[in-house]
Amino acid sequence: MSDSPVTSQDPVPVLDRHSKENRWYYKEINDQVQPISRKLLEEYSHIPANEIDAHIYKMRDILWSHAPYPCVGEFKFLDLRLPKHPLYTQILTTLRKPSSPILDMGCCVASDLRSLAHNGIPSTQLFGTDIISSYLTTSYSVFKDTDTFHGTLVPANIFSPSLFSDEFAGWEGRFSIIHAGLFLHLFNWEQQLTVCEIIAKLLKEEEGAILVGEMVGCQGGGLRGGPANTDFWKKERRHWQYLHDEESFARLWGEVEGRTGTEGMWKVDSKFVVRRQEKGGDGSKSCAFFEGEGIGWFTFSVARVMGS
Ligand SMILES: C[S@@+](CC[C@H](N)C(=O)[O-])C[C@H]1O[C@@H](n2cnc3c(N)ncnc32)[C@H](O)[C@@H]1O
């Protein structure tokens, strides 16, 4: 497998990153917001149906002014990913047990945590983290739940050298579930190894502790140029992102096992579905940021196996 770029197509914007002319700043909401997200805003945030679009446009522009991620420009920040994950029922069952918390990594406005709260999961089980602290603070305006959401939202750069002594102090071996939605694909292979090592450290040392997630994938696995890395926002330099299919993701976790001395102690399941050109990876929505031959949607889980 080559680690060279999978395409010569260059998705790096020529425009200023905050420009509303970027392809991934959608001018119209159209059907970009899922019905279940609208329902959450209606039932959990108590926003009248006829005011929801205006609320979303307003919040999207506030978030875009903080950091113009494609997930914000494309209205994907409201997407609920966990309900579509194949292990969602198991996730809910785990979260209903005491002291079995979830950490949503790169959670943006933590929509999935709000959906879990709405489904009766106690806030003591709900943790989120993101490098853009204003995404976390603005999330209370997005969901109008300043007084009612008591989950824990912690700003942190996942690569912070002080992660376990500062931002994530006391979090080692704490989580039953870690969710990484559209997160791993921000990084190159080496960075993903680092993130997965951190995930392994955060997960409980018990059978079934699990990483679940979704990302943009690529047939054959490979690098793609993009600006979505943290460093880009500061230095605006080019960055390569690794997109997976089943084989490359298993290979990544093979390397994680080697680095963490946990050979044979992770059960990796994943599924790559190539995207039809006119539709998004989940078959429902378009995605302007990642385009091209062999691009698709990649869903995964990695569960700890303790052995006998
Ligand atoms: C593509 S968005 C995905 C948001 C959400 N998880 C979802 O599924 O829609 C990626 C998120 O990762 C965050 N992020 C990027 N680099 C990060 C880093 N180094 N540490 C922590 N969060 C980071 C961004 O701020 C952004 O909210």
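This is a predicted model, so every value here is computed, not measured.

Caption draft 1: Structural context of the overall build of the chain. Along its length, the chain carries nine helices and nine strands. Considering the chain as a whole, with its 308 residues, one finds that 55% of them fall into the buried category. Within the structure as shown, the chain displays about 13,000 Å² of accessible surface, and the carbon and sulfur contribution to it stands at 52%.

Caption draft 2: Representation of the pattern of salt bridges within the structure. Per the stated rule, a full pass over the model turns up twelve salt bridges. E74 is the salt-bridge partner of K76, the closest N and O atoms lying 2.9 Å from each other. Judged by relative accessible area, which is 11%, K76 ranks as buried. A relative accessible area of 2% places E74 in the buried class. Measuring nitrogen to oxygen at the nearest pair gives 3.6 Å for the salt bridge that ties R251 to E247. Of this pair, R251 and E247 both sit in helix 9 (residues 246-260), separated by four residues, roughly a single helical turn. Among the charged side chains, a salt-bridge network with shared partners connects K20, R60 and D61.

Caption draft 3: Quick peek at helix 5 (residues 111-118). Burial of helix 5 is extensive: six of the eight residues sit out of reach of the surface. Looking only at helix 5, the buried set comprises S111, D112, L113, R114, S115 and L116. Just beyond helix 5, the residue with positive phi is G120, at close to 90 degrees.

Caption draft 4: Quick look at the environment of I178. Residue placement: I178 occurs in strand 4 (residues 177-181). Through-space distance from the C-alpha of I178 to that of I102 is 5.5 Å; in sequence the pair is 76 residues apart. When residues no more than four places from it in sequence are discounted, the contact partners of I178 are L103, M105, I199, L202, L203, I210, L211 and V212.

Parameters and conventions
- Residues numbered from 1 in each chain as written.
- Predicted model: local features only at pLDDT ≥ 70, side-chain atom pairs only at ≥ 80, totals over all residues.
- Heavy atoms only, no water.
- Helix = DSSP H or I, 4+ residues; strand = E, 2+ residues; numbered from the N terminus.
- Buried < 20%, exposed > 50% of the residue type's maximum accessible area, 1.4 Å probe, protein only.
- Areas by Shrake-Rupley, 256 points an atom, 1.4 Å probe, with all protein chains shown as cover.
- Salt bridge = Lys/Arg side-chain N within 4 Å of Asp/Glu carboxyl O.
- Contact = heavy atoms within 4.5 Å.

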